[in-house]
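# An overview of the molecular structure
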Amino acid sequence: MNKKKSQDLPGNILVVDDAPENLRLLASMLEHHGYYVRKAINGRIAINGAQISQPDLILLDINLPDIDGYEVCQRLKTLEKTKEIPVIFISSYSQEVDKIRAFEVGGKDYITKPFQLREVLARVENQLSTYKLQIELKERNSKLEQEIIERQRTEEQIRFLLLTTQAISATSDVNSALEVTLNHICSNIRWDFGEAWLLNSDSSKIVYSQACYANEKGLYEFRDYSKKLTFTDHKSLPGRVWQSQNSEWIEDISQISPDLFQRYDMAVQIGLKSCFAVPILWSDRVLGILVLFKKEVTPKNQQLIDLVKAVANHLGVMIQSRKAEYTLKLANQRLHLLATLDGLTQVANRRHFDEYFDQEWQRMKQESLPFSLIICDVDYFKLYNDNYGHQAGDDCLKKIAKTIQKMVDCPGNLVARYGGEEFAIILPNTDAKNAFIIAETIRLEVQNLQIIHAKSEINEYVTISLGISSMIPQENQLPAELIYLADQALYQAKNQQRNCTVSR
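Here goes a summary of the coordinates provided. Since this is a predicted model, take the numbers as computed values, not measurements.

Our next topic: the overall build of the protein. If you tally the helices and strands in the protein, you get 16 helices and 16 strands. Relative to the 2.2 N^0.38 estimate, which gives 23 Å for 504 residues, the radius of gyration of the protein is 32 Å and therefore markedly larger than a compact globule would have. Viewed in the frame of its principal axes, the protein has a C-alpha envelope of about 95 × 60 × 55 Å. Considering only contacts within the protein whose residues lie at least 6 apart along the sequence, 65% involve residues at least 24 apart. Accessible area of the protein: about 25,900 Å², with a carbon and sulfur share of 47%.

Our focus in this paragraph is the nonpolar core. Leu178, Ile185, Phe276, Ile280, Leu290, Leu292 and Leu315 are the most contacted members of the largest nonpolar core, which totals 36 residues. Broken down by secondary-structure element, the contributors of at least two residues to this core are helix H5 (117–151), helix H6 (155–169), helix H7 (174–189), strand S6 (193–199), strand S7 (206–214), strand S10 (274–282), strand S11 (285–294) and helix H11 (302–340). Setting aside residues no more than four positions away along its own chain, Leu315 makes contact with Ile168, Ala177, Leu178, Thr181, Ile280 and Leu290.

Read across the sheet, six strands follow the order S8-S7-S6-S11-S10-S9 without closing on themselves; strand pairing throughout is antiparallel. In the strand order of this sheet, the two ends are held by strand S8 (230–231) and strand S9 (248–250), each with one partner. Examined bridge by bridge, S6 and S7 share six bridges and lie antiparallel to one another. Bridge pairing in S7 places Leu198 opposite Val207. Together, S6, S7, S10 and S11 form the strand contacts of H7, whose direction differs from that of S7 by roughly 50°.

The full count for this structure, using the stated rule, is 22 salt bridges. Between Glu355 and Arg351 there is a salt bridge whose closest N-O contact spans 3.6 Å. With Glu355 and Arg351 both in helix H12 (residues 350–367) and four residues apart, the pair spans about one turn of that helix. What emerges from the salt-bridge pattern is a single network uniting Asp17, Asp61 and Lys113.

With that settled, consider helix H14 (residues 390–407). In this model, H14 (18 residues) spans 26 Å end to end at C-alpha, consistent with the 26 Å of a helix rising 1.5 Å per residue. Along its buried surface, H14 packs onto strand S12 (371–378), helix H13 (381–388), strand S13 (414–417), strand S14 (422–428) and helix H15 (432–448).

What follows concerns the sheet that holds S14. Within a sheet, neighbouring strands are paired by backbone hydrogen bonds and run either parallel or antiparallel to one another. The five strands lie next to each other as S13-S14-S12-S15-S16, forming an open sheet whose pairing is mixed. Where the open sheet ends on each side, the last strands, each with one partner, are S13 and strand S16 (501–503). The mean angle between the axes of side-by-side strands here comes to 15°, regardless of whether they run parallel or antiparallel. Note that S12 and S14 share seven bridges and pair antiparallel.

So, on to the side chain of Ser226. For Ser226, the position within the fold is in helix H8 (residues 220–227). Within the local environment of Ser226, its side chain forms a polar contact with the side chain of Arg263, the two groups lying 2.7 Å apart. Setting aside chain neighbours within four positions, we find Ser226 in contact with Glu195, Trp197, Tyr208 and Arg263.

Moving on, we get to the environment of Leu338. Mapping Leu338 onto the fold places it in helix H11. Separated by 219 residues in sequence, Leu338 and Glu119 place their C-alpha atoms 9.6 Å apart.

Under the defined criterion, the tally for this structure stands at zero disulfides. Its sulfur unpaired, Cys376 is 12 Å from the next cysteine sulfur, which belongs to Cys396. Residue Cys376 is classed as buried on the basis of its relative accessible area, which comes to 1%. Residue classification places Cys396 among the buried positions, given a relative accessible area of 1%.

Rules used throughout
Residues numbered from 1 in each chain as written. Predicted model: local features only at pLDDT ≥ 70, side-chain atom pairs only at ≥ 80, totals over all residues. Heavy atoms only, no water. Helix = DSSP H or I, 4+ residues; strand = E, 2+ residues; numbered from the N terminus. Rg over C-alpha atoms; globule rule 2.2 N^0.38 Å. Contact = heavy atoms within 4.5 Å. Areas by Shrake-Rupley, 256 points an atom, 1.4 Å probe, with all protein chains shown as cover. Core = buried A, V, L, I, M, F, W, Y, C linked by side-chain atoms within 4.5 Å. Buried < 20%, exposed > 50% of the residue type's maximum accessible area, 1.4 Å probe, protein only. Pairing = 2+ DSSP bridges. Axes fitted to C-alpha atoms, helices over the stretch in contact; angles between N-to-C directions. Salt bridge = Lys/Arg side-chain N within 4 Å of Asp/Glu carboxyl O. Expected span 1.5 Å × (residues − 1). Polar contact = N/O pair within 3.5 Å; in protein donor to acceptor, adjacent residues only side chain to side chain. Disulfide = S-S within 2.5 Å.

In structure tokens form, the structure reads like this:
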């Protein structure tokens, strides 16, 4: 089988690890999935190699023989050729302080050994996609700036473009950017009305945006009428520009066929004469249309069209950038969910429980509010698993987790899988009396699921035992005390009769 050339592969990755077996394993995994992989056994080789030929991504071990991974990352971030390359640390160090330091020196992500193949591939793809998009955006911005400088013939036009694009970049959302754009263009070229059209969510038609510019109140009637309209390709001026991806100029609206301009009667009535439309493009794709109107008959002006095109191009970069940022935000949220959820039951995992428990303990201590914890355990679950099989056991835990979540679905509360068949419920600002009511409600609801348990020694259905602890955290107390008391209460419930609630 012929090997693919590196430039045809989806990513060029430098793996840095002093353990040959780790290098071989990572390289083999990544190459199997189509990546081009280079290897380095120490920090200096990695830095030199990255300088000579820049990779798209670096997987970096911390514990290296010459200089550690932290220093390698710091040096790479100070070098012009490598400062933008994303670094993912892969290390057996799992302490929070190690991870924090990794991000402080410039790392983009952190994977703890022993790693899982799917996790490594997901994080690698996430960083490569982000890096490649950043490069593409940077290249397009650079190209746009060059086009702006080359196309402008006067100092006034250059100043106008710079001020407008800076104003667009300073906006926080698409509608604000469109509003700024129309205001800058119309006020500078002295046209009377400006509007923007955007593609709807499924790109099947063009709809009126919230942004517009009008230099007199009488033009708002035209705006309000236009808001009710939508266009498909070929239909009226916005539709034609969408379909052709080219600008269009109408010298005198009153002299064309009404079929070519759907708002013909309204435009003539309020005195609009000339108009032109320019597409907002991104990578040969139309994102929207800018349409400008004037109450004077104006011959076609290609220089003016090119000027607005330059602004529209920058606007296209901004719109796509905001979309990319939103997509990246969603991806990060999904990764965060993967890191904090229990894969089987889809409630919080133990790691998230520990973090949230400490956080709420401190908050309740500062505010002198009651803090309650419930720990529950499925009665005779081993017998259930042995009798019905592990798949049935998994389904049982899923149903119980879903039921508990439903019973405590209030802001601030957290349900977590605490152990194999144990669940924990964090209840901030909840006293012992209300915690007991919640626990009993959960116990009864689980029993009401009527999950058959033929091997149970206390009931024909699956049941749970619950232990509760409650206190107002004090300065001289530790969070572990609340967990210990809940654990002891659960132990007491299991040793009494099970399928009951005990509070400490």
